[in-house]
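One letter stands for each residue in the lines below.
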Amino acid sequence: MSTIFHPREHEDPRPQRGALPAIASPAPHETNAASQSLNGTWRFRYTETVEAPDGEGDAFADPGYSDKKWASMPVPAHWVLNGYGAPQYQNIKYPFPVDAPYVPDQNPTGWYRYSFTPKWDAHKERGMSWYKVWVNGQFVGSSTGSRLPAEFDVTDVLKKGKNVIAVRVHQWSAASYLEDQDEWWLPGIFRDVTLLHRPHGCVQDYFIRTEYDHKSGKGTVWHDSDGCVLSIPELGIKTPGDKMTIDVEPWSAESPKLYKAVLTSKNGSEEITLKIGFRTVTTNGGVFRVNGRPVKLNGVNRHEFHPDLGRAVSQESMEQDIKLMKAHNVNAVRTSHYPPNRAWLDLCDEYGLYVIDECDYETHGFSEVGWENNPSDSERWTPALMSRVQRMWNRDKNHTCIVMWSLGNEAGIGINQARMSWWLKQRDDRPIHYEGDYECKYVDVYSRMYSSHADVAAAGKREEEKLPDGKQDAHRRGLPFLLCEYGHAMGNGPGGLTEYQDLFQRYERLMGGFIWEWIDHGFPRKTKDGEKYYVYGGDFGEEITDGNFCIDGLLFPNRKPSPALLELKKVIEPLRMTVQNGHLTIESRYDFIDTSHLALTWDLQAEGKSKGSGDLEVDPVAARARLTVPLPAEALQGPGGETYVTITAALKKGTKWAKKGHVVAWTQERVAPATQVDILSGELAAVEIGDNIKLGAAEFTARGQLISLGGIKFLSPLNVQLWRAPTDNDRNWLAKYWLQYGLDRLHERVDGIDVRSGHITVSTLVCPAATNKGYRVTYTYAAPRDSKDKSLHIHVRLAPFGWLSGLWTLPRVGVEFAIDKSHKGVKWYGLGPGEAYPDSKAHVAVGDHALDIDDWATPYVRPQENGNRMGVRRALISTSSAAALTTESWFGGNRGGLEVVSDPRQDKDDEEIWGTGCNLTVRRCTSKQLGSATHTPDIPDDGKVWVNIDYKHSGLGSASCGPGPQEKYYIKADAPITFGFTLRAV
Ligand code: GAL
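Residues numbered from 1 in each chain as written. Predicted model: local features only at pLDDT ≥ 70, side-chain atom pairs only at ≥ 80, totals over all residues. Heavy atoms only, no water.

Draft legend 1. Region of the structure containing the overall build of the chain. In terms of helices and strands, the chain carries 13 helices and 59 strands. A compact globule built from 986 residues would reach a C-alpha radius of gyration of about 30 Å, and the chain, at 32 Å, matches this within 12%. Its C-alpha atoms give the chain principal-axis dimensions of roughly 100 × 75 × 60 Å. For the chain, buried positions account for 60% of its 986 residues. Put simply, the chain shows about 37,700 Å² of open surface, and 49% of that area lies on carbon and sulfur atoms. Charge centroids of the chain, computed over 113 positive and 127 negative side chains, lie 2 Å from each other. (Helix = DSSP H or I, 4+ residues; strand = E, 2+ residues; numbered from the N terminus. Rg over C-alpha atoms; globule rule 2.2 N^0.38 Å. Buried < 20%, exposed > 50% of the residue type's maximum accessible area, 1.4 Å probe, protein only. Areas by Shrake-Rupley, 256 points an atom, 1.4 Å probe, with all protein chains shown as cover. Lys, Arg positive; Asp, Glu negative; His and termini not counted. Charge placed at Lys NZ, Arg CZ, Asp CG, Glu CD.)

In structure tokens:
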């Protein structure tokens, strides 16, 4: 006898049963019809498989069933974040065999029950991978694709008084094959559950369409809504649907003007109040335009994520996101890779963000099996995919903020994209996006991800590689070009944003891009000692995982901006300001508004001290215009020393997203160079040789190792350091070569000491084990004769020997040493306040900065190189705290510590790239120790303060996903390197 198993109901690829057709159903706050939220605390039972315990089947749906022994579960929420099962993280791979439409027998299932008493009589219901719904024991329907609503008519099953809704939710279903987005798998009912009253004769479907004609300044509105009347009081419009054209203020992300619109059903039984805007999006001539103007998208990819709530993001969290985006000059968001909570789109309409609304569709895991049986090219999956695109469009079509529809992400290509695109095109004229359509058969923009600067430049010139089919090639070459993902913000990075932005601005075909991604998907945990930290893929014991690849956001999990977000804000600022020959040039990158909402000020600083400031009265600069004005003389004249003028453009009035005074754009320019004080120019101390060697205030061992300077003891040798704790970007590429070469395990042997006319020269050989290739290093020390000046000048020269095969760039080049742990604060004059690397330093400015050593580090979720301060002319590592240091002047005051003064750079030409002065890092562990930690609590306190003074740090690049650092940011490994600095005990 043989048994044949048919697919179980949750393995049926068909998307829904019993659900109502998708329409533009109003959100509860948009209609005067009653509604009742069924969110709250539900009764809950958890099983590891789809079968109910004790063979009781679906008896749990009966109203009389006793759920007394059940637990409770919040709705909306994920059961894996509320005590049942565990989240799991994979990027591409399915966490189960690729055996579509079948899913494993081990299939975590949530059984939900909730009792409620409706506040009125007649009804409709909306409800999460696959779920089945019963009301009062009667089956009402089942659905998949739970980011979008499914609506069920429950009119006939509801009764007066107590009603019971029961829902069975399976983590895995056929639909899981369609939802292989790069994020945590988080099951549960995570969207709202609402009971909606639909009065007799209520508004059915509605689509309010608008256009804006930039030539005439007129807007047109019409609607398709089954006999409803539309009124827009502010415009004096009342129409049953005919096109009306009238003077309007258009909507844009910069000026998101919305009009209140009221739709009244034919019999007056329902009124729906919406906010609509007037705007037109076109791609004619291969240029992306909004309201007739070419627009650049300075966007981010946003997954829905909150460290405590998962995808069940709250209204407050969404508001926090949009404010942060606006305050960081972001003007666009791609809802990667599914339609968001509908409230997010309301916020985007209102605050002004251009949105790419993306279909809930990704099948990336099929790439692991050569795309065999990929749903994109299979009839069997057509209903499911059409349902997804139709439900997205129907729910979201009335949102002004949506400027493009996206068919999904990384799902290969096939007949189903053709159908989805065709269906959308019958209904809507907004452009269609899908990166996977490489030949651009079904889309209106040519979209790529993670292209190199060179490839983006080629696309900008419409000179990208040809497609084999000439006609298709010409078509694609005629489309605007978008980077739907670039600048992978994993860990420390990305670098190179400035150069991308320059390209976007230069070529009209380039419509900008979206950084991957908005926030790190890290979950909080505490150590036994109560220290909070964040975990990532693998920390829940997943069978396969992509580790910290989900920690790749511009925000840390606690929504604090990372240096990458600050860099992005600066790079995409809407005003490009430059100071040259006593004049300020303002180039507006606004597309619609002028600069009258911004107040300009100047501030002059000499050697970090303010020497005056004032307002700048400048006429408003029109969108995309340029203006040059003279700067007042007092903004330009320093009283001596290195002098910088900083020009700031800040909000004159508070907005929804930032307070008055919020800085939107700034620039800084050097107006007078530094007067260099060369400690080697006076008389030099003589070398005294005893058991130890003495030079001024410095003491060395007989083998030339620095032991102390003034009262300061050196607790480790002062050695050349070429290694940095690899960043995620390094780890995916360059660090492999660095490790192969052994830069993390260099040996240094003193080869000789030469003592001559006030100089000690120590020659060493730096080389990894098992090779005979490395660097010959010479450290040359000199000190002033004046005994009050406890300075020591150190000059370092590295000369490569042997062929450094496979080593074309170094992670860093500098020295590392340790001093006593009593040092607390650091004050420096240089770039700051934040960390910076040569290809991510737009956001830092020259000035005096101070920080406690304990606040020095940037808390990347997975520990890695961080905290480098660039352009440091001088620094004081002090036993005083930063707070005390800020109030003290550099000279005098009650402070003790070690001062670091950088030599001028040898390679003046490269100042643009490497900055003036040195790089500085101060932390309580070594670079090596930092690199061995996998979570923040693993970073040890070594009981010493470790100081890195670097001549150069390699660029960051974006190689964790995308190109590495651009060549100009390489530190060439095969040429001699020299640098110098002074240490002074104070
Ligand atoms: C892209 C993908 C994103 C994300 C990113 C890397 O290929 O579309 O979802 O996986 O790479 O973080």
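Draft legend 2. Highlighting the sheet that holds strand 52 (residues 825–832). Strand order in this open sheet of nine strands is 47-48-49-50-59-56-55-52-53, and the pairing throughout is antiparallel. The open sheet is flanked by strand 47 (746–756) and strand 53 (845–852), the only strands paired with a single partner. Strand-to-strand twist across the sheet, computed as the mean angle between neighbouring axes with direction ignored, equals 20°. Across five bridges, the pairing between strand 52 and strand 55 (residues 874–878) is antiparallel. (Pairing = 2+ DSSP bridges. Axes fitted to C-alpha atoms, helices over the stretch in contact; angles between N-to-C directions.)

Draft legend 3. Highlighting a nonpolar patch on the surface. Together, Ile689, Ile753 and Val755 give the surface a local cluster of nonpolar side chains, amounting to about 240 Å² of exposed area. Take Val755: it is sitting in strand 47. Looking at Val755, the relative accessible area reads 33%, which means it is partly exposed. (Patch = residues over 30% accessible without salt bridge, like charges linked within 9 Å, V, L, I, M, F, W, Y side chains within 5 Å. Salt bridge = Lys/Arg side-chain N within 4 Å of Asp/Glu carboxyl O.)

Draft legend 4. Layout of the site of the ligand. The immediate surroundings of the ligand are formed by 13 residues, with Asp182, His337, Glu410, Glu485 and His488 found nearest. In the model, an oxygen atom of the ligand is placed 2.7 Å from a nitrogen or oxygen of the His488 side chain. Across the complex, the protein chains shield 95% of the 310 Å² of accessible surface that the ligand would expose by itself. Here the residues of the shell around the ligand sort into five nonpolar, four polar and four charged. (Near = heavy atom within 4 Å. Polar contact = N/O pair within 3.5 Å; in protein donor to acceptor, adjacent residues only side chain to side chain. Nonpolar A, V, L, I, M, F, W, Y, C, P; charged D, E, K, R; others polar.)

Draft legend 5. Structural view of the domain arrangement of the chain. Domain parsing of the chain yields domain 1 (9–197), domain 2 (207–282), domain 3 (293–568), domain 4 (575–672) and domain 5 (687–985). Taking the mean C-alpha position of each, domain 1 and domain 4 sit 55 Å from one another. (Domains from an automatic or database assignment.)

Draft legend 6. Here's a closer look at the nonpolar core. Of all hydrophobic cores here, the largest spans 135 residues; its most connected members are Trp42, Tyr112, Leu297, Trp344 and Leu568. In contact with Trp344, not counting residues within four places along its chain, are Arg302, Met318, Asp321, Ile322, Met325, Val333 and Leu353. Leu706, Phe817, Ile913 and Val947 belong to the second largest nonpolar core, which has 65 residues in total. (Core = buried A, V, L, I, M, F, W, Y, C linked by side-chain atoms within 4.5 Å. Contact = heavy atoms within 4.5 Å.)

Draft legend 7. Molecular detail of the pattern of salt bridges. The tally for this structure, following the rule as stated, stands at 55 salt bridges. Residue Arg626 pairs with Glu587 through a salt bridge whose shortest N-O separation is 3.6 Å. Residue Arg626 is located in strand 38 (residues 626–630), and its partner Glu587 is located in strand 35 (residues 583–588); the two are separated by 39 residues in the primary sequence. A residue is classified by how much of its surface remains accessible, and Arg626, at 58% relative accessible area, is exposed. Note on Glu587: relative accessible area 23%, which makes it partly exposed.

Draft legend 8. Molecular detail of the packing of aromatic side chains. This model, assessed by the stated rule, comprises 39 aromatic pairs. Seen from their ring centres, Phe96 and Tyr177 are 5.1 Å apart, and the 75° between their planes marks the pair as edge-to-face. For the residue pair Phe96 and Tyr177, the accessibility class agrees, reading buried in each case. What links up through ring pairs into an aromatic cluster is the set Trp42, Phe44, Tyr46, Trp79, Tyr84, Tyr112, Tyr114 and Phe116. A cation sits over an aromatic face here: Arg147 above Tyr338, 3.8 Å from the ring centre. Over the face of the ring belonging to Trp666 we find Lys570, whose NZ or CZ atom lies 4.5 Å from the ring centre. (Phe/Tyr/Trp six-rings, centres within 6.5 Å; stacked < 30°, edge-to-face > 60°. Lys NZ or Arg CZ within 6 Å of the ring centre and 35° of its normal.)

Draft legend 9. Structural context of helix 3 (residues 382–396). Taking 1.5 Å as the rise per residue, helix 3 with 15 residues should run 21 Å; its terminal C-alpha atoms sit 21 Å apart, in good agreement. With 13 of 15 residues buried, helix 3 lies mostly within the body of the structure. (Expected span 1.5 Å × (residues − 1).)

Draft legend 10. How the structure looks around the state of the cysteines. In this structure the tally under the stated criterion is zero disulfides. Note on Cys359: no disulfide assigned, nearest cysteine sulfur contributed by Cys484 at a separation of 15 Å. Free cysteine Cys961: the closest other cysteine sulfur is in Cys484, separated by 11 Å. (Disulfide = S-S within 2.5 Å.)

Draft legend 11. Examining the environment of Ala674 more closely. Tracing the backbone through its elements, the reader meets Ala674 in the loop between strand 40 (663–672) and strand 41 (687–689). Look at Ala674 and you get partly exposed, because its relative accessible area is 32%. With 154 residues separating them along the chain, Ala674 and Trp828 place their C-alpha atoms 15 Å apart. What Ala674 contacts, discounting residues up to four positions off in sequence, is Glu607, Gly641 and Glu642.

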